[in-house]
Amino acid sequence: MKIAENYSRLGTENAFVILAKAKKLESEGKEIINLGIGQPDFLTPKHIVEAAKKALDEGHHGYTPANGTIELREGVSRHIKKMYGADIEADRVFIAPGGKPSIFFAIMLFGQPGVEIIYPEPGFPIYESVINYSGAKAVPMYLSEDKNFSFNADEVLNLINEKTRLLIINNPQNPTGGLIEKSEIDKLVRGLKKFPNVAIFSDEIYSRQIYDGKSMPSFFYYPELFNRLIVMDGWSKTYAMTGWRLGWSVWPKNLIENVTKMAINSYSCVSAANQVAALAALEGPNEFVNEMMKKFDKRRRLIVDGLNSLAGIKCNKPGGAFYAFPNISETGMNGETFAEKCLFDAGVAIVPGTSFGQSCTKYVRFSFANSYENIEKALEKIKKIL
Ligand code: PLP
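One structure accompanies this document, and this report is about it.

Calculation notes
- Residues numbered from 1 in each chain as written.
- Predicted model: local features only at pLDDT ≥ 70, side-chain atom pairs only at ≥ 80, totals over all residues.
- Heavy atoms only, no water.
- Helix = DSSP H or I, 4+ residues; strand = E, 2+ residues; numbered from the N terminus.
- Rg over C-alpha atoms; globule rule 2.2 N^0.38 Å.
- Buried < 20%, exposed > 50% of the residue type's maximum accessible area, 1.4 Å probe, protein only.
- Contact = heavy atoms within 4.5 Å.
- Areas by Shrake-Rupley, 256 points an atom, 1.4 Å probe, with all protein chains shown as cover.
- Lys, Arg positive; Asp, Glu negative; His and termini not counted.
- Charge placed at Lys NZ, Arg CZ, Asp CG, Glu CD.
- Expected span 1.5 Å × (residues − 1).
- Core = buried A, V, L, I, M, F, W, Y, C linked by side-chain atoms within 4.5 Å.
- Near = heavy atom within 4 Å.
- Polar contact = N/O pair within 3.5 Å; in protein donor to acceptor, adjacent residues only side chain to side chain.
- 1 Å grid on protein atoms, 1.4 Å probe; cavity = no way out; pocket = protein on both sides within 12 Å on 5 of 7 lines; lining within 4 Å.
- Sits in = over half its atoms within 2 Å of the grid points.
- Nonpolar A, V, L, I, M, F, W, Y, C, P; charged D, E, K, R; others polar.
- Points joined across faces, edges and corners; volume = space filled by probe spheres on them.
- Pairing = 2+ DSSP bridges.

**Here we look at the overall build of the protein chain**
Then, in step 1: Looking only at helices and strands, the protein chain has 12 helices and 12 strands in total.
Then, in step 2: Its C-alpha atoms give the protein chain a radius of gyration of 21 Å, near enough to 21 Å, the size a compact globule of 386 residues would have.
Then, in step 3: With respect to the principal axes defined by its C-alpha atoms, the protein chain has extents near 55 × 55 × 55 Å.
Then, in step 4: Within the span of the protein chain, comprising 386 residues, buried residues form 58% of the whole.
Then, in step 5: Sequence-distant contacts in the protein chain: of pairs separated by 6 or more residues, those separated by 24 or more amount to 74%.
Then, in step 6: For the protein chain, the exposed area adds up to about 16,700 Å²; of that, 52% sits on carbon and sulfur atoms.
Then, in step 7: Within the protein chain, one finds 46 positive and 43 negative side-chain charges whose respective centroids are separated by 1 Å.

Structure, rendered in structure tokens:
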């Protein structure tokens, strides 16, 4: 057999590889604390589960329109209005099995040999992987520790040239927890006026996970970009629904048909009953989200202070999401060795920085989507091996 050459350029998401390693160690009887995977350690709120059960009982068993049911798309449209005041017609909303398909489809729509796509590094590894797969040139936008993993708008604008087709932004950010302030995005958006042919993909999957009383600096605040803006968000992180596979995105009107065709050519549509549950999540009680954030905030303080108290480790305070991305270079190890040592010697699964970009050798990612007690225990165990 001879498979297509472009497949050799497809990367992966290392957090899943580490999850598999951790599970294997657990099956051998070792106690592993998993701070590797990026999913809330809570169960989906009951009213959402009940809505899915009821939908199944009531016969929501068939295909739905490929871009999502009209009820759910209208629900997302109302949600956007409530959150950001933006008027988004339901026919610009696209429902997908998770946030990831929208990333894949957007990059495949713009990516081809001879064009450039800008993506954040450190960043969610799927961006670089799919850009390479598409044949486009992946141009990293480096986020630095000394800017608390935000960016400088002028530096980003300097990366744009006549070959640039798409600019990917993720805020709040995986893997660093960095939060780009609205003032910096304002500057970027002003500068983007000079580049009307560049589309923007804003990955806002952590939009509800923001600390210190700040609000989400969403791209929905910039209607002047709406004819070339794709915004992706979803249910996975906000409602602890990673395994349900549910995400939404908003597209310029003239791209919706293309992206819908991508769905028709791959998975047809999202599970009908899940879409009913997704609407219940958007329109039901919100206490869960606030309670979850209170817990994340406590853990954030614990993990940042705990890591900073360890010799050779320096950790910024994340402004959003549930990740800490400490610099461990003064331990004398690189991120890969450090992560291996944590897993095999301390029984703590974390992800090496290089899983989020080749330049990130000095870093590791801790997900604090685990209990306060487990994080305390993990810090103790790491302290011992250091
Ligand atoms: N975007 C970012 C930045 C993420 O961190 C993740 C998941 O970890 C996703 C997208 C994918 O989300 P989903 O599980 O809804 O596909």
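Past the structure itself, the notes keep going.
**Notes on helix H3 (residues 70–84)**
Then, in step 1: Between its terminal C-alpha atoms H3 stretches 21 Å, which fits the 21 Å expected from 15 residues at 1.5 Å a residue.
Then, in step 2: Every buried residue of H3 is listed here: Leu72, Arg73, Gly75, Val76, Ser77, His79, Ile80 and Tyr84.
Then, in step 3: Elements that come into contact with the buried residues of H3 comprise strand S2 (93–96), strand S8 (247–250) and helix H9 (272–283).
Then, in step 4: Following H3 by one or two positions, glycine 85 has its phi on the positive side, about 75°.

**Structural notes on the nonpolar core**
Then, in step 1: If you look at the biggest cluster of nonpolar residues, it comprises 132 residues, and the most contacted ones within it are Leu188, Phe219, Phe220, Trp235, Phe338 and Phe366.
Then, in step 2: No other element matches helix H10 (residues 287–308), which puts 9 residues into this core.
Then, in step 3: Once residues lying within four places of it in the same chain are set aside, the contact partners of phenylalanine 220 are Ile80, Tyr84, Ala86, Ile88, Glu204, Phe226, Val231, Trp248 and Val250.

**Structural notes on the site of the ligand**
Then, in step 1: Around the ligand sit 15 residues, and of these Asn174, Asp203, Tyr206, Ser236 and Lys237 come closest.
Then, in step 2: Interatomic distance of 2.7 Å between a side-chain N/O atom of tyrosine 206 and an oxygen atom of the ligand.
Then, in step 3: Separating an oxygen atom of the ligand from a side-chain N or O atom of serine 236 is a distance of 2.6 Å.
Then, in step 4: Coverage of the ligand by the protein chains reaches 94% of its 390 Å² of free accessible surface.
Then, in step 5: In this structure the site holding the ligand corresponds to the largest pocket.
Then, in step 6: Class assignment of the residues belonging to the shell around the ligand gives a composition of 6 nonpolar, 5 polar and 4 charged.

**What to know about empty space enclosed by the protein**
Then, in step 1: What the rule picks out here adds up to 1 cavity of 30 Å³ or more.
Then, in step 2: Forming the boundary of the largest cavity are His79, Ser207, Arg208, Asp233, Gly234, Thr238, Tyr239, Trp248 and Leu282.

**Some details on the sheet that holds strand S12 (residues 364–367)**
Then, in step 1: Strand order in the open sheet formed by 3 strands is S9-S12-S11, and the pairing between neighbours is antiparallel. The open sheet has two edge strands with one neighbour each: strand S9 (323–324) and strand S11 (351–352).
Then, in step 2: Where S11 meets S12, 2 bridges bridge the pair, whose relative direction is antiparallel. For valine 351, the partnering residue across the bridge sits in S12 and is arginine 365.

**Comments concerning the side chain of threonine 260**
Then, in step 1: On the secondary structure map, threonine 260 appears in helix H8 (residues 253–266).
Then, in step 2: Not counting the four nearest positions on each side in its chain, threonine 260 is found in contact with Ala66, Asn67 and Phe94.

**Considering the side chain of glutamine 209**
Then, in step 1: Mapped onto the secondary structure, glutamine 209 falls in the loop between strand S6 (199–203) and strand S7 (229–234).
Then, in step 2: Not counting the four nearest positions on each side in its chain, glutamine 209 is found in contact with Pro172, Lys237, Thr238, Met292, Met293, Phe296, Gly319, Gly320, Ala321 and Phe322.

**Digging into the layout of surface pockets**
Then, in step 1: Estimates place the volume of the largest pocket at around 450 Å³.
Then, in step 2: Lining the largest pocket are 26 residues, with Glu13, Gly38, Lys100, Phe124 and Lys237 positioned closest to its centre.
Then, in step 3: Elements that contribute at least two residues to the lining of the largest pocket include exactly helix H1 (14–27) and helix H4 (100–110).
Then, in step 4: Of the residues forming the lining of the largest pocket, the biggest block, 3 residues, is contributed by H1.
Then, in step 5: When the residues that make up the lining of the largest pocket are grouped by side-chain class, the tally is 11 nonpolar, 9 polar and 6 charged.

**Observations concerning unusual backbone geometry**
Then, in step 1: For the bond from glutamate 121 to proline 122, the omega torsion is -5°, close enough to zero to count as cis.
Then, in step 2: On the secondary structure map, proline 122 appears in the loop between strand S3 (116–121) and helix H5 (125–134).
Then, in step 3: Between asparagine 174 and the following residue, proline 175, the backbone shows a cis peptide bond with an omega angle of 20°.
Then, in step 4: With respect to the helices, strands and loops of the structure, proline 175 is situated in the loop between strand S5 (164–170) and helix H7 (182–192).
Then, in step 5: A positive phi is found at alanine 240, a non-glycine position, where the angle reads about 55°.
Then, in step 6: With respect to the secondary-structure elements, alanine 240 resides in the loop between S7 and S8.
Then, in step 7: Its relative accessible area of 8% is what places alanine 240 among the buried residues.
Then, in step 8: Look at alanine 321: it is not a glycine, yet its phi comes out positive at around 60°.
Then, in step 9: Note that alanine 321 resides in the loop between H10 and S9.

Without other data, these values stay purely geometric and don't point to any function.
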